[in-house]
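Understanding the architecture of this molecule
Take a look at the letters that make up each chain.
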Amino acid sequence: MDQSAAGPGPDRRALAAASVTVALWASAFVSIRSAAAHYDPGALALGRLLTASVALGAVLLVKRVPFPPRQAWPGILASGVLWFGLYMVALNWGEQGVDAGTAAMIVNIGPIVIALLGGWLLKEGFPPMLMAGMAVSFAGAVVVGLSTSKGGSSSLAGVLLCLLAALTYGAGVVSQKPALRHASPIQVTTYGCFVGTAVTLPFAWQLVSQLPQAPLSATLNMVYLGLFPTALAFTTWTYALSRTTAGKMGATTYAVPAVVVLFAWIVLDEIPGALTLLGGAICLAGVAVSRRRPAAKPADAPVSRKA
């Protein structure tokens, strides 16, 4: 089922799916900011995953999607534990000890981890344009992070938790790619979400105790996180991942900081500074570079023959 080698030229469907993912993941930061004030990190992760699991499970029942084949389960289990489970808890928890700018810089190590692991474990290689684009985008993410950082407020625990989030995110993405050779994107996403929900069940007591006390707006934001940035965006992500390399998909997520800046400007009326706008532009430029195909080598000139 892996269609990553479907043919030359850009895959417009994969690009459209990746664009949906980037937009929804960027919107998640706005919703997390509201919900996290009333829900602990583990409770927020569990509530988000439970909502997504119900939505995705309903899709499975309506479409009568079969159980994933045995060959897909190692990747589903690994991505479910690492990305759906540990990543969401670690990121929510880490952002309690560091400001958003610092967290963004650390988590943006994730795409680099994806490119390195994908090139090594998945034999995707290390295309020069991809490596150059990721370097440019990472520099842009650092600029965005520095421009929004409050400075001096980071704790060592918060930094380590954000680093753990980046590593589990990268490893989880690379785990998904082999599973997509045997199962469909909806299967990989849904059962990975089920696994992540099981991993976060120890926080059920927190969710049950905080749910009645939280304002409706915070709970609605948690439901939004489950339905759109998780259920829908992770499905469009796996669809795009099944049609391209893990390294290119990881590089695409460098557009998220730029879109977050735009959403915060529109929704929260947070006017970004010149340095923030510059960093966002650099992120987008790096994504464009990473997705460029190398120039084709000129064909050898035909050898003329004398009669």
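Let me sum up the structure you'll find in this document. (Residues numbered from 1 in each chain as written. Predicted model: local features only at pLDDT ≥ 70, side-chain atom pairs only at ≥ 80, totals over all residues. Heavy atoms only, no water.)

Glancing now at the side chain of Ser242. Structurally, Ser242 can be placed in the loop between helix 10 (216-241) and helix 11 (246-252). The class for Ser242 is buried, based on a relative accessible area of 3%. Polar side-chain contacts of Ser242 include one of 2.6 Å to the backbone oxygen of Tyr239. (Helix = DSSP H or I, 4+ residues; strand = E, 2+ residues; numbered from the N terminus. Buried < 20%, exposed > 50% of the residue type's maximum accessible area, 1.4 Å probe, protein only. Polar contact = N/O pair within 3.5 Å; in protein donor to acceptor, adjacent residues only side chain to side chain.)

What follows is about the environment of Leu216. Here Leu216 shows up in helix 10. Residue class for Leu216 comes out exposed when judged on its relative accessible area of 63%.

With that settled, consider a nonpolar patch on the surface. On the surface, Val20, Leu227, Phe228 and Leu232 cluster together to form a nonpolar patch covering roughly 290 Å² of accessible area. Of all the elements, helix 10 adds the most residues to the nonpolar patch, at three residues. Following the sequence through the fold, Val20 ends up in helix 1 (residues 12-35). (Patch = residues over 30% accessible without salt bridge, like charges linked within 9 Å, V, L, I, M, F, W, Y side chains within 5 Å. Areas by Shrake-Rupley, 256 points an atom, 1.4 Å probe, with all protein chains shown as cover. Salt bridge = Lys/Arg side-chain N within 4 Å of Asp/Glu carboxyl O.)

Below, the discussion takes up the packing of helix 2 (residues 41-63) against helix 3 (residues 73-94). At a closest axis distance of 8 Å, the pairing of helix 2 and helix 3 adopts a crossing angle of 140 degrees. By the angle between their axes, helix 2 is oblique relative to helix 3. Of the two possible hands of crossing, helix 2 and helix 3 adopt the one that is right-handed. Across the interface between the two elements, Pro41, Gly42, Leu44, Ala45, Arg48 and Leu49 of helix 2 pack against Phe84, Met88, Val89, Asn92 and Trp93 of helix 3. Residues belonging to the contact of helix 2 with helix 3 are distributed by class as follows: eight nonpolar, two polar and one charged. (Axes fitted to C-alpha atoms, helices over the stretch in contact; angles between N-to-C directions. Parallel < 35°, antiparallel > 145°, perpendicular 65-115°, else oblique. Left-handed = near helix turned anticlockwise from the far one by under 90°. Contact = heavy atoms within 4.5 Å. Nonpolar A, V, L, I, M, F, W, Y, C, P; charged D, E, K, R; others polar.)

Quick reminder: α-helices carry 3.6 residues per turn. Residues three or four places apart thus point the same way. With 26 residues, helix 10 extends 35 Å between its outermost C-alpha atoms, agreeing within 8% with the 38 Å of an ideal straight helix rising 1.5 Å per residue. Along helix 10, the sharpest change in direction is near 30 degrees and occurs at Ala233. (Expected span 1.5 Å × (residues − 1). Bend = angle between axes of the 7 residues up to and from the residue.)

Counting residues in hydrophobic clusters, the biggest one holds 44 residues, and the most contacted among them are Ile76, Trp83, Tyr87, Val173, Trp237 and Leu241. Residue assignment for this core shows that the elements contributing at least two residues are helix 1, helix 2, helix 3, helix 7 (156-179), helix 8 (185-199), helix 10 and helix 11. Contact partners of Leu241, with chain neighbours within four places excluded, come to Val173, Gln176, Lys177, Leu180, Ala246 and Met249. One finds Ile32, Leu46, Leu207 and Leu225 within the second-largest nonpolar core, a separate group that totals twelve residues. (Core = buried A, V, L, I, M, F, W, Y, C linked by side-chain atoms within 4.5 Å.)

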